[in-house]
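Overview (structure and organization)
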There are 2 protein chains.
Amino acid sequence: MKYHKIPDETIKRMPMYLRAFSILKTQNQETISSQQLAERLHLNPPQIRKDLSYFGAFGTRGIGYPVSSTAEQIRSILKLDVSQQAVLVGAGRLGTAIASYPGFSMFGFDIAAIFDNDNNKIGKTIGKNLVENVAEIVTLKARNIRLAILAVPANAAQGCADALIDAGIKGILNLSPCYLNVPKRVKVITIDIAMELGILPYYI
Amino acid sequence: MKYHKIPDETIKRMPMYLRAFSILKTQNQETISSQQLAERLHLNPPQIRKDLSYFGAFGTRGIGYPVSSTAEQIRSILKLDVSQQAVLVGAGRLGTAIASYPGFSMFGFDIAAIFDNDNNKIGKTIGKNLVENVAEIVTLKARNIRLAILAVPANAAQGCADALIDAGIKGILNLSPCYLNVPKRVKVITIDIAMELGILPYYI
DNA sequence: TTGTGGTTGTGCTCACAATCACAAGCAAAC
DNA sequence: GTTTGCTTGTGATTGTGAGCACAACCACAA
Ligand SMILES: NC(=O)c1ccc[n+]([C@@H]2O[C@H](COP(=O)([O-])OP(=O)(O)OC[C@H]3O[C@@H](n4cnc5c(N)ncnc54)[C@H](O)[C@@H]3O)[C@@H](O)[C@H]2O)c1
Ligand SMILES: NC(=O)c1ccc[n+]([C@@H]2O[C@H](COP(=O)([O-])OP(=O)(O)OC[C@H]3O[C@@H](n4cnc5c(N)ncnc54)[C@H](O)[C@@H]3O)[C@@H](O)[C@H]2O)c1
């Protein structure tokens with residue numbers, strides 16, 4: 001494909017493809033056609049082909065996509081081929097669940113530090129990490145960590161985000177139900193679980 | 001506005017509007033213009049006006065939208081004006097966090113029951129609910145509950161979904177990283193937290 | 001070497017959503 | 001009353017992504 005801006009929607013689907021190819025690899029399937037993959041993911045085959053072709057020609061005509069090498073390609077496109085360190089801020093209910101969730105490792109994520117401002121939580125161990133004082137966020141500067149997961153109450157989210165960005169964080173997964181004001185160079189993805197649930201009754 | 005199919009994207013934004021109007025109400029602000037609201041939510045003013053106008057003319061020209069009555073209108077549109085009962089399946093790390101989260105009440109949600117298949121968890125109390133055996137899901141038929149939150153491992157999700165649908169559930173918020181196969185009348189919203197995180201490194 | 005079945009890669013078309021621009025309309029002041 | 005200032009509601013326009021159809025291509029068999 002000649003020069004094309006890669007659609008945001010395509011990027012959003014890439015981790016889904018990566019997960020699918022990773023699972024296929026554990027099942028020792030060597031190739032998969034866009035048709036088969038589309039059935040698994042409930043998409044249209046041309047959608048998948050177009051998405052992948054934005055990044056090059058990974059498939060073999062008449063055969064399909066080689067599972068193992070395509071997985072590696074996608075991993076590299078998403079920069080998940082190197083282990084990505086992330087910090088967690090907020091060791092509350094949701095933060096604790098996330099800190100002990102093993103599922104992030106499939107994408108190469110590693111929770112490298114946890115911060116909270118509650119003295120009852122600071123010093124406790126969650127998974128392999130000790131909960132540190134939020135004041136220690138500044139020390140991230142030296143550690144070259146670029147990703148953060150925010151699981152603090154909504155009214156504390158902006159303040160924490162500012163501190164994180166100040167400490168060199170470039171991407172934030174925000175779980176609080178609020179908009180974060182950040183410089184353009186910082187990418188924020190917000191997941192508001194209650195809001196998603198709020199959509200359901202309309203449809204039923 | 002004459003007859004128009006309401007865009008899905010508009011529906012997705014409605015809970016965000018509801019949250020904003022609810023907060024404004026607690027701050028005793030009586031009216032808000034699309035301009036002001038757009039600044040808060042980081043949208044464009046015409047976007048908000050068009051979204052709201054799909055459902056009727058709520059605003060006053062020259063003034064803006066009356067906070068209190070518009071909040072009520074949106075609540076009614078989303079069918080959140082009556083308390084919506086929901087059940088939770090999976091009382092693990094994430095399920096426990098959700099069961100004890102007070103934030104759902106802003107949208108009128110109420111966790112009415114919790115199910116698990118682990119004998120160590122069945123019988124325990126989380127929030128105001130006793131954890132019941134998954135086998136009891138059938139009893140939901142009699143209780144007229146239509147919403148469910150699924151927080152079980154991915155390989156158990158489809159089975160639980162089938163049981164829930166069989167018991168009369170019409171909408172599912174699925175937190176497992178997998179596609180759920182359901183009849184067309186059932187609405188599923190899937191949130192895959194790890195996948196969302198997987199998007200970040202690409203942009204940074 | 002050539003033919004065949006099957007699947008990819010992609011230009012084109014269509015559908016949908018975001019944005020714009022402005023007429024319509026209300027409130028408050030005079 | 002009438003005028004002024006401001007904001008809504010909406011047709012028209014633009015932008016973006018999804019879907020389709022088919023040419024290009026590969027592997028393999030004969
Ligand atoms: N629990 C859920 O199921 C759920 C669902 C949807 C959204 N959320 C959102 O996720 C966020 C966290 O929710 P939760 O249920 O884990 O809340 P929580 O109260 O259990 O945990 C919040 C944690 O953040 C810490 N904290 C507060 N202020 C801080 C600060 N300034 N710096 C550092 N740490 C601070 C607290 O000490 C606490 O440990 C909230 O914004 C909530 O709205 C939670
Ligand atoms: N914890 C996280 O931060 C996180 C993040 C992203 C996604 N998820 C997803 O959310 C889901 C739950 O995650 P978790 O961390 O809470 O896992 P968990 O293992 O802590 O909890 C799962 C719960 O489901 C129960 N369960 C298992 N099979 C069941 C069945 N057939 N019927 C009823 N209950 C059953 C288990 O007994 C357990 O209590 C998983 O699909 C996970 O991939 C979790």
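What counts, and where the lines are drawn
- Every chain begins its residue count from 1, and numbering advances along the sequence as written.
- Chains carry letters and ligands carry numbers; both start at the beginning, A for chains and 1 for ligands, and go up in the order they are written.
- Where totals are concerned, whole chains, interfaces and linings use all residues; where local detail is concerned, this predicted model gives features only for residues with pLDDT of at least 70, and gives and counts side-chain atom pairs only at 80 or more.
- Hydrogens and water are ignored here; the side-chain numbers use all heavy atoms of the structure.
- The helix count covers DSSP runs of H or I at least four residues long, the strand count covers runs of E at least two residues long, and both are numbered beginning at the N terminus.
- Buried, partly exposed and exposed residues are distinguished by accessible area as a fraction of the type maximum, computed with a 1.4 Å probe on protein chains only: under 20%, between the cut-offs, and over 50%, respectively.
- Only a single heavy atom is needed: when it lies within 4 Å of a molecule or strand, its residue is near that molecule or strand.
- Polar contact criterion, stated in full: a pair of N or O atoms within 3.5 Å, where within protein one must be able to donate a hydrogen and the other to accept it, and residues adjacent in sequence count only if both atoms are side-chain atoms.
- Surface accessibility follows the Shrake-Rupley procedure with a 1.4 Å probe radius. Residue values consider only the protein chains on display as shielding.
- When residues are grouped by polarity, Ala, Val, Leu, Ile, Met, Phe, Trp, Tyr, Cys and Pro land in nonpolar, Asp, Glu, Lys and Arg in charged, and all others, Gly among them, in polar.
- Here the axes come from fitting lines to C-alpha atoms, over the contacting stretch only for helices, and the angles between their N-to-C directions go from 0 to 180 degrees.
- Between 65 and 115 degrees an angle is taken as roughly perpendicular, under 35 as roughly parallel, over 145 as roughly antiparallel, and anywhere else as oblique.
- Contacts were defined at the residue level, with two residues in contact if any of their heavy atoms lie within 4.5 Å.
- When the copies are superposed, the least-squares fit takes in the C-alpha atoms of residues with a pLDDT of at least 70 in both.
- Note that the arc is computed from the directions linking the helix axis to the C-beta atoms.
- What gets called buried area is simply the loss in accessible area from a 1.4 Å probe that two parts show on being joined, summed for both.
- Every case where a carboxyl oxygen of Asp or Glu lies within 4 Å of a side-chain nitrogen of Lys or Arg is listed as a salt bridge.
- Two strands make a pair as long as DSSP finds a minimum of two bridges between them.

1. Comments concerning unusual backbone geometry
All names here are of chain B. Positive phi, close to 60°, is recorded for N28, a residue that is not glycine. If you trace the backbone, N28 turns up in the loop between α1 (8-26) and β1 (31-32). Judged by its relative accessible area of 65%, N28 falls in the exposed class. Located in the positive-phi region is K79, a residue other than glycine, with phi close to 60°. By secondary structure assignment, the location of K79 is in the loop between α4 (67-77) and β3 (84-89).

2. Side note on the site of ligand 1
Residues in contact with ligand 1 amount to 23 residues; listed here are only the nearest, L94(A), D116(A), K121(A), V152(A) and Y101(B). Here an oxygen atom of ligand 1 and a side-chain polar atom of R93(A) are 2.9 Å apart. Surface burial for ligand 1 is 86%, taken as the share of its 820 Å² of free accessible area covered by protein chains. Secondary-structure elements contributing two or more residues to the shell around ligand 1 are α5 (93-99) and α6 (154-166) of chain A together with α5 (93-99) of chain B. The element best represented in the shell around ligand 1 is α6(A), accounting for 3 residues. Among the residues making up the shell around ligand 1, the classes are represented as 15 nonpolar, 4 polar and 4 charged.

3. Re the packing of helix α1 (residues 8-26) of chain A against helix α2 (residues 34-41) of chain A
All names here are of chain A. Interhelical geometry of α1 versus α2 gives an angle of 110° and a closest axis separation of 11 Å. Looking at the two axes, α1 sits roughly perpendicular to α2. When α1 is examined against α2, the residues M16, Y17, A20, F21, I23 and L24 are found in contact with a partner set consisting of L37, R40 and L41. Broken down by class, the residue content of the contact of α1 with α2 amounts to 8 nonpolar, no polar and 1 charged.

4. Overview of the site of ligand 2
Near ligand 2 lie 23 residues; those nearest to it are Y101(A), L94(B), D116(B), K121(B) and V152(B). Ligand 2 sits at a junction of chains, with neighbouring residues supplied by chains A and B. Backbone polar atom of V152(B) to an oxygen atom of ligand 2: 2.7 Å apart, as the coordinates give it. For ligand 2, whose accessible area on its own is 820 Å², the fraction buried by protein is 86%. Put simply, the parts of the chain that give the shell around ligand 2 at least two residues each are α5 of chain A together with α5 and α6 (154-166) of chain B. Among the elements that line the shell around ligand 2, the one with the most residues is α6(B), at 3 residues.

5. Structural notes on the relation of the copies chain B and chain A
Screw-axis analysis of chain B against chain A gives a translation of 0.0 Å along the axis, an RMSD of 0.1 Å, and a rotation angle of 180°. Look at the turn and shift together and you get a two-fold axis relating the two. Take the interface residues of chain B: 100% of them recur as interface residues in chain A, which is what a same-surface contact looks like.

6. Here we look at the environment of M195(B)
Looking at the secondary structure, you find M195(B) in helix α7 (residues 193-203). Excluding anything up to four places from it in sequence, M195(B) contacts K12(A), P15(A), M16(A), R19(A) and F107(A).

7. Some details on α4(B)
What sets the pattern is the α-helix's 3.6 residues per turn: residues three or four places apart point alike. Turning to α4(B), its buried residues are V67(B), T70(B), A71(B), I74(B), R75(B) and I77(B). Each buried residue of α4(B) lies within a common arc of 160° when the element is viewed along its axis, so the set occupies one face. Of the surrounding elements, those touching the buried residues of α4(B) are α7 (193-203) of chain A together with α1, β1, α3 (45-53) and β2 (65-66) of chain B. Backbone geometry just after α4(B) places K79(B) at a positive phi near 60°.

8. Thoughts on the interface of chain B and chain A
Listed per partner, the contact involves 51 residues of chain B and 52 residues of chain A. Taking both partners together, chain B and chain A bury about 5,100 Å²; carbon and sulfur atoms supply 75% of that area. For the chain B face of the interface with chain A, the top three residues by lost area are L197(B), Y202(B) and I204(B), together amounting to 14%. On inspection of chain B and its partner chain A, the count reaches 2 salt bridges. Notably, a salt bridge pairs R19(B) with D192(A), separated by 2.2 Å at the nearest N-O pair.

9. Thoughts on the sheet that holds β3(B)
Read from one edge to the other, the open sheet built from 7 strands follows the order β5-β6-β4-β3-β7-β8-β9 (chain B), with strand pairing classed as mixed. Pairing within the sheet leaves two strands with one partner each, and these edge strands are β5 (125-126) and β9 (187-190) of chain B. The pairing of strand β8 (residues 171-174) of chain B with β9(B) spans 4 bridges and is classified as parallel. Bridging from a neighbouring strand, N174(B) pairs with T190(B) of β9(B). Against the sheet, α7(A) engages β3, β4 (109-116), β7 (147-150), β8 and β9 of chain B, with an angle of about 160° to β8(B).

None of the figures reported here should be taken as evidence of function without further support.
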